[in-house]
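One letter stands for each residue in the lines below.
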Amino acid sequence: MSQPAPVGELTHRLVPSPAGRVHLVEQGTGPLVLLVHGFPECWYSWRHQLPALAAAGYRAVAIDVRGYGRSSRPEDTAAYRMLELVEDNVAVVHALGERTAVIVGHDWGATIAADSALVRPDVFRAVGLLSVPYAPRGGPRPTEVFARMGGEEEFYVGYFQEPGRAEAEIEPDVRGWLAGFYAALSADTMPPADAPDPHFVSRGGTLRDRFPTGRLPSWLSRDDLDVYAGEFERTGMSGALGRYRNMDRDWADLADFDGAPITQPSVFAGGALDASTTWMADAIEAYPTTLPGLVSSHLLDGCGHWIQQERHEEVNAILTGWLASLPA
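Note that the structure is predicted; figures quoted are calculated from it, not measured. (Residues numbered from 1 in each chain as written. Predicted model: local features only at pLDDT ≥ 70, side-chain atom pairs only at ≥ 80, totals over all residues. Heavy atoms only, no water.)

So, about unusual backbone geometry. Backbone torsion omega between Phe39 and Pro40 reads -10°, so that peptide bond is classified as cis. Its place among the elements puts Pro40 in the loop between β3 (32–36) and α1 (49–55). Although it is not a glycine, Asp107 adopts a positive phi angle of roughly 60°. Turning to its location among the elements, Asp107 is positioned in the loop between β5 (101–106) and α3 (108–119). (Helix = DSSP H or I, 4+ residues; strand = E, 2+ residues; numbered from the N terminus.)

Right, dumping it as structure tokens:
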């Protein structure tokens with residue numbers, strides 16, 4: 001019976017990037033798999049995947065996206081546009097001495113991963129998407145769409161647009177806000193279906209008004225929460241929120257890719273209770289056209305948004321099985 005490959009220790013590194021530096025954590029040896037987190041997280045959201053991928057024979061590398069953690073945090077909001085983040089990912093691959101990589105992302109990281117594969121297919125040979133489906137660029141300007149959502153209420157993406165507004169809500173109590181945000185989108189703590197939707201803000205209110213309180217999701221220990229809170233207490237929230245404030249710029253920057261499919265081998269996994277998969281069900285149905293290289297697609301029953309933490313064993317099995325299917 002074969003033995004698992006030695007995984008080694010987690011290694012923290014800073015590598016050069018167009019903005020200055022990217023902080024990354026790596027484990028294992030073999031083909032490079034780049035892991036890209038979403039909002040509001042950091043490399044730590046991949047803590048369950050790093051050893052599993054390393055044991056399966058891969059060089060697993062989780063980054064802090066620009067604006068997060070120990071990576072560079074430019075002051076200019078425009079520095080967080082998608083094409084800049086794609087170039088950060090390319091810079092990481094090259095700094096690690098590689099020419100190509102598989103890229104896997106969650107939440108905003110899924111969109112960053114998809115666009116990295118779309119814009120730089122010479123570097124990213126396969127793409128894995130968690131929670132947020134791929135939807136090609138197209139349609140009206142994003143802020144126009146968000147402004148029409150919610151009626152008398154305000155969609156959270158619109159709420160995040162104005163610099164300083166969400167920061168004023170979050171930064172006085174980062175730990176408490178994060179605990180509520182994680183709980184609001186987790187299967188075991190999310191509000192019931194008949195409660196006010198935590199993705200929307202009442203006029204004059206805050207997002208936090210609709211967060212559940214009293215207990216943490218089962219996947220999130222107090223120590224885990226301390227890691228996330230410590231990062232954002234140190235950095236503030238503006239770098240992380242910069243991604244939301246560039247959606248119109250991305251729409252313009254990616255005009256040449258309007259409607260474009262991603263043709264590399266791909267995999268998708270999402271939670272059946274996640275608004276990202278229910279609201280974007282049409283995008284999942286369109287995968288035969290938009291992801292013609294799709295190897296498999298998975299909706300995990302009873303799972304919320306934080307899929308690789310809520311259901312890490314299942315996600316690890318999906319990712320390692322898919323990676324094993326890829327051409328060498």
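What follows concerns the confidence of the model for the protein chain. On average, residues of the protein chain score 95 in pLDDT, and 98% of them are at 70 or above. Within the model, pLDDT remains below 50 along residues 1–5, and this stretch shows three contacts once partners closer than five positions in the same chain are excluded. (pLDDT = per-residue confidence, 0-100. Contact = heavy atoms within 4.5 Å.)

To continue, consider the pairing of strand β2 (residues 20–27). With six of eight residues buried, β2 is to be regarded as a mostly interior element. Inspection of the sheet shows strand β1 (residues 11–17) paired to β2 by seven bridges, in the antiparallel sense. Across the sheet, residue Pro16 finds its bridge partner in β2, namely Arg21. Across four bridges, β2 lies against strand β4 (residues 59–63) in antiparallel orientation. Across the sheet, Val25 pairs through a bridge with Ala62, a residue of β4. (Buried < 20%, exposed > 50% of the residue type's maximum accessible area, 1.4 Å probe, protein only. Pairing = 2+ DSSP bridges.)

Before going further, it helps to spend a moment on the environment of Leu178. Looking at the secondary structure, you find Leu178 in helix α7 (residues 174–184). Along the backbone, Leu178 and Arg208 are 30 residues apart, and their C-alpha atoms lie at a distance of 9.5 Å. Discounting chain neighbours no more than four positions away, the residues touching Leu178 are Pro40, Leu225, Tyr228, Ala229 and Phe232.

Another aspect to go through is the environment of Leu118. Considering the arrangement of structural elements, one finds Leu118 in helix α3. Note: C-alpha distance between Leu118 and Leu254 (136 residues apart in sequence) is 10.0 Å. Filtering out sequence-adjacent residues up to four positions away, Leu118 remains in contact with Tyr134, Phe257, Ala260, Pro261 and Ile262.

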